[in-house]
Amino acid sequence: MDPLGIKGTYSITPRVHGDQRGSFHEWFRDDALRAATGHGFGLAQANCSVSAKGVLRGVHFADVPPGQAKYVTCLRGAILDVVVDLRVGSPTFAQWEAVRLDDESRRCLYVAEGVGHAFMALTDDATVVYLCSEPYAPGREHGVHPLDPEIGIEWPEGIEPVLSDKDAQAPTLDEARRAGLLPSYQDCLDHYAKLGLPG
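The sections below set out a description of the structure shown in this document. (Residues numbered from 1 in each chain as written. Predicted model: local features only at pLDDT ≥ 70, side-chain atom pairs only at ≥ 80, totals over all residues. Heavy atoms only, no water.)

1. Some words on the sheet that holds strand 2 (residues 9-12)
Rules: A pair of strands is labelled paired if DSSP reports no fewer than 2 bridges between them. Here a strand is any run of E in DSSP of at least two residues, a helix any run of H or I of at least four, and the numbering for each starts at the N terminus.
A sheet is described by the order of its strands in space; here 6 strands give the open sequence 1-2-10-7-12-5, paired in antiparallel fashion. Of all strands in the sheet, those with a lone pairing partner are strand 1 (2-3) and strand 5 (45-51), marking the two edges. Pairing between strand 7 (residues 70-76) and strand 10 (residues 108-111): 4 bridges, direction antiparallel. Looking at the pairing, Lys70 lines up with Val111 of strand 10.

If you want it as structure tokens, here you go:
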């Protein structure tokens with residue numbers, strides 16, 4: 001597991017075993033995640049999305065506590081997966097980092113509670129599965145506009161982004177901050193500590 005620049009996010013590239021029959025790899029291991037983060041991953045929900053090229057989903061996050069950690073991989077095609085630090089008071093607040101997930105590298109991404117998550121499909125039929133530490137709860141789920149210039153995510157050139165109505169109407173980072181929607185870094189650190197994650 002390789003830590004990214006935003007605390008609580010990791011890139012995982014599994015060892016893929018292949019031969020004339022196909023391939024096999026372990027895409028999730030609780031012991032490896034526990035060693036990196038200091039706590040296990042309480043699986044509460046598993047999601048699968050299939051997207052046409054250009055579909056842009058996010059930036060999504062949930063109230064902390066309990067938040068919603070995610071473990072993401074792309075089973076078919078390719079996506080640009082992006083994490084955004086939405087934790088007010090964090091040293092990396094409003095910073096983002098992008099990782100390509102595809103069906104060749106089989107790379108995965110772990111996203112801690114309080115960190116925003118988004119992705120753009122780089123191919124048609126991009127199939128993404130993600131494990132969630134908490135079930136979907138509409139009253140606790142929020143979004144920030146993925147094209148907000150204050151965040152300035154560099155989405156791939158030459159691909160027209162396709163957003164849902166909900167994501168297209170999401171507030172900017174500043175609007176979400178002023179509305180009190182964003183989690184505080186201290187609340188997230190306290191939550192991580194309760195899970196056993198070192199602060």
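2. Describing unusual backbone geometry
For the bond from Gly58 to Val59, the omega torsion is 10°, close enough to zero to count as cis. Structurally, Val59 is set in strand 6 (residues 56-62). Here the amide bond leading from Pro65 into Pro66 is cis, since omega sits at -5°, within 30 degrees of zero. By the element assignment, Pro66 lies in the loop between strand 6 and strand 7. Here the phi dihedral of Ala94 falls at roughly 75°; this positive angle occurs in a residue that is not glycine. For Ala94, the location among the structural elements is in the loop between strand 8 (78-85) and strand 9 (96-102). Its identity as a non-glycine residue notwithstanding, Arg106 has a phi of 60°, on the positive side.

Nothing here speaks to function; it is geometry throughout.
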